[in-house]
Amino acid sequence: MKAVQIVKPNELKIIDVEKPVIDEKNNVLIQMTAAGICGSDVGIYHGTNAAATYPRIIGHEMVGRVAQVGENVSGLKAGDRVIVNQVTSCGHCYPCKIGRGNVCDHLAVRGVHIDGGYRQYMAVPEADCYLLPDFLSDTDAIMIEPTTIAIQSCNRAELTKDDMLLIFGSGALGSSILKIARLICSHIIVADILDDKLEAAKENGASYTINVLKEDLVEKVKEYTEGHGATVSIDAACTKDSLIQLLKATGNAGRVMTMGFSVAPTEINQFLITSKELDVRGSRLQNKKFGEAIKLIEEGKLDLNGTVSHTFPLLKAQEAFDFVDSHDPSIRKIALTFDELEG
Ligand code: MN
Ligand code: ZN
């Protein structure tokens, strides 16, 4: 079968690999039908993702059809449409024991530390498969994964209806967070450097927007929160000075969420955190949030239809990644498809 492998940074190859077989643990064989291209996949391709190891079959936004199930499978049958959880954890370490397998000491993320979904078939445990609603297409369904990342950050932030939320960054991550956050609270400020992204944020439920190239973030946030500052700030921009900016823009007793993976040093100071008793928390991947995301879609609270702007066949993955690198303004989300690889 065919797969897309990043051999080493900046070298993408279509390879032939053995079709996987199911066993007692990986008891469901999935025939892939759609796989998303995420910013982190582009990072692995270009060698800027510190977590990735090479060579790697990438892809962590994985949608497919059940092709075969093992004898010990009870909840799935051939033909079922599913999305696959990208997080695999050991179940025994401290984080796993307290129910936080997404930061397992032995964390293995599909498409990052172990092979992912840019391949025709994969064998995975039944527990990692989530049934898709009929009305959602396979390509649109890849967006469930970014949705789970957004749910995780709102969850880690303990976001409630009375919060005054600041989302810093309105790209793919920030806009996914906005879609989830607006279901929880109504006072939402979105900051970015691009007016058209801010315009889109307004259409998607932001109460206030700030262009940080033209306006002072901290001052504006204070103005929009009656002088208090945000009660929750989520960093979906992850730039060199975003953390200190958010520590300043967040009011007393607030929560500041980090989501970046940069290892570059960034300047902050303890006074900002101590004097306001801020909680500074990381949010990584997602902790079994697929069920929650799918429920929101089924209840009509979240609409993922039409979010995918472009599709490329798996075998044209190079073209797809080159297109991403072109930063064409029409790009919202790109999905790889598997139609021409039937059987
Ligand atoms: Mn992703
Ligand atoms: Zn563990």
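Quick caveat: nothing in here was measured; it's all calculated off a predicted structure.

Draft legend 1. Just helix α4 (residues 144-156), in detail. With 13 residues, α4 should reach 18 Å at 1.5 Å per residue; the first-to-last C-alpha distance of 18 Å fits that figure. Where α4 is buried, its residues touch β6 (81-84), α3 (138-141), α5 (172-181), β14 (230-235), β15 (250-258) and α10 (290-298). Positive backbone phi, approximately 50 degrees, marks Glu 158, located one or two places after α4.

Draft legend 2. Structural context of the coordination of the zinc ion (ligand 2). The zinc ion (ligand 2) binds to the protein through Cys 90 (SG), Cys 93 (SG), Cys 96 (SG) and Cys 104 (SG); the donor distances cover 2.3 to 2.4 Å. On the primary sequence, the residues serving as donors to the zinc ion (ligand 2) are separated as C-x2-C-x2-C-x7-C. Neither residue differs from the other here; Cys 96 and Cys 104 are each classed as buried.

Draft legend 3. How the structure looks around the state of the cysteines. Throughout the structure, instances matching the rule amount to zero disulfides. Cys 238 takes part in no disulfide bond, and the closest cysteine sulfur, belonging to Cys 38, lies 12 Å away.

Draft legend 4. Summary view of the packing of α4 against α5. In contact at an axis separation of 8 Å, α4 and α5 are set at 65 degrees when each is read in the N-to-C sense. Considering only the axes of α4 and α5, their crossing is right-handed. The residues of α5 that touch α4, namely those facing Pro 146, Thr 147, Ile 149, Ala 150, Ile 151, Ser 153 and Cys 154, are Leu 173, Ser 176, Ile 177, Ile 180 and Ala 181. Each residue belonging to the contact of α4 with α5 can be placed in one class, and the counts come to nine nonpolar, three polar and no charged.

Draft legend 5. Geometry of the coordination of the manganese ion (ligand 1). For the manganese ion (ligand 1), the full set of protein donor atoms is Cys 38 (SG), His 60 (NE2), Glu 61 (OE) and Glu 145 (OE), and the range of their distances to it is 2.2 to 2.6 Å. Read in sequence order, the donor residues coordinating the manganese ion (ligand 1) give the pattern C-x21-H-E-x83-E. Residue Glu 61 is found in the loop between β4 (56-57) and β5 (62-69), and its partner Glu 145 is found in helix α4; the two are separated by 84 residues along the sequence. Considered together, Glu 61 and Glu 145 belong to a single accessibility category, that of buried residues.

Draft legend 6. Structural view of the nonpolar core. Judged by nonpolar contacts, the single largest core of 45 residues is most densely connected at Ile 30, Ile 37, Tyr 118, Phe 321 and Leu 336. In terms of nonpolar packing, the next biggest core, distinct from the first, is built from 42 residues, Val 63, Met 143, Leu 159 and Ile 188 among them.

Draft legend 7. Layout of the pairing of strand β16 (residues 279-282). Strand direction decides the pairing type here: β15 and β16, joined by four bridges, are parallel. Paired with Val 256 across the two strands is Val 280, which belongs to β16.

Draft legend 8. Here's a closer look at helix α7 (residues 217-224). Of all the positions in α7, only Leu 217, Val 218, Lys 220, Val 221 and Tyr 224 are classed as buried. Burial along α7 is one-sided: seen end-on, the buried residues are contained in an arc of 165 degrees. Away from its buried face, by an angle of more than 90 degrees, α7 presents the exposed residues Glu 219 and Glu 223. Residue Asp 216 occupies the N-cap position of α7, its side-chain oxygen lying 3.4 Å from the main-chain nitrogen of Val 218. Following α7 by one or two positions, Glu 226 adopts a phi angle in the positive range, close to 50 degrees.

Draft legend 9. Spotlight on the side chain of Gln 5. Looking at where Gln 5 falls in the secondary structure, it is placed in strand β1 (residues 2-8). For Gln 5, the residues in contact, after removing those within four places along its chain, are Glu 11, Leu 12, Lys 13, Ile 15, Pro 55, Arg 56 and Ile 57.

Draft legend 10. Examining the domain arrangement of the protein more closely. In terms of domain boundaries, the protein breaks down into domain 1 (2-143 + 304-337) and domain 2 (148-282). Its C-alpha centre places domain 1 at a distance of 29 Å from the equivalent point of domain 2. Tallying the contact residues gives four residues for domain 1 and four residues for domain 2. Together domain 1 and domain 2 conceal approximately 390 Å² of surface at their shared face, both sides included; 43% is due to carbon and sulfur atoms. Counting across the interface, domain 1 meets domain 2 through zero residue pairs in polar contact (both at pLDDT 80 or more). Tallied by class, the residues present in the side of domain 1 that touches domain 2 amount to no nonpolar, three polar and one charged.

Draft legend 11. Spotlight on the sheet that holds β4. Strand order in the open sheet made by the three strands is β2-β1-β4, with antiparallel pairing throughout. What marks the edges here is a single partner per strand, and that holds for β2 (11-16) and β4. Two strands pair when backbone bridges link them, and β1 and β2 are joined in this way by six bridges, in the antiparallel orientation. Each bridged residue has a counterpart across the sheet, and for Ile 6 the counterpart in β2 is Leu 12.

Draft legend 12. Up close: unusual backbone geometry. Between Tyr 54 and the following residue, Pro 55, the backbone shows a cis peptide bond with an omega angle of -10 degrees. For Pro 55, the position within the fold is in the loop between α1 (39-46) and β4. Of note in this structure, Glu 277 is not a glycine but carries a positive phi near 50 degrees. Within the fold, Glu 277 resides in the loop between α9 (270-276) and β16.

Scoring rules and cut-offs
- Residues numbered from 1 in each chain as written.
- Chains lettered and ligands numbered in written order.
- Predicted model: local features only at pLDDT ≥ 70, side-chain atom pairs only at ≥ 80, totals over all residues.
- Heavy atoms only, no water.
- Helix = DSSP H or I, 4+ residues; strand = E, 2+ residues; numbered from the N terminus.
- Expected span 1.5 Å × (residues − 1).
- Contact = heavy atoms within 4.5 Å.
- Donors = N, O, S within 2.8 Å, 3.2 Å for Na, K, Ca; no water.
- Buried < 20%, exposed > 50% of the residue type's maximum accessible area, 1.4 Å probe, protein only.
- Disulfide = S-S within 2.5 Å.
- Axes fitted to C-alpha atoms, helices over the stretch in contact; angles between N-to-C directions.
- Left-handed = near helix turned anticlockwise from the far one by under 90°.
- Nonpolar A, V, L, I, M, F, W, Y, C, P; charged D, E, K, R; others polar.
- Core = buried A, V, L, I, M, F, W, Y, C linked by side-chain atoms within 4.5 Å.
- Pairing = 2+ DSSP bridges.
- Arc of directions from axis to C-beta.
- Polar contact = N/O pair within 3.5 Å; in protein donor to acceptor, adjacent residues only side chain to side chain.
- Domains from an automatic or database assignment.
- Buried area = accessible area lost by both parts, 1.4 Å probe.

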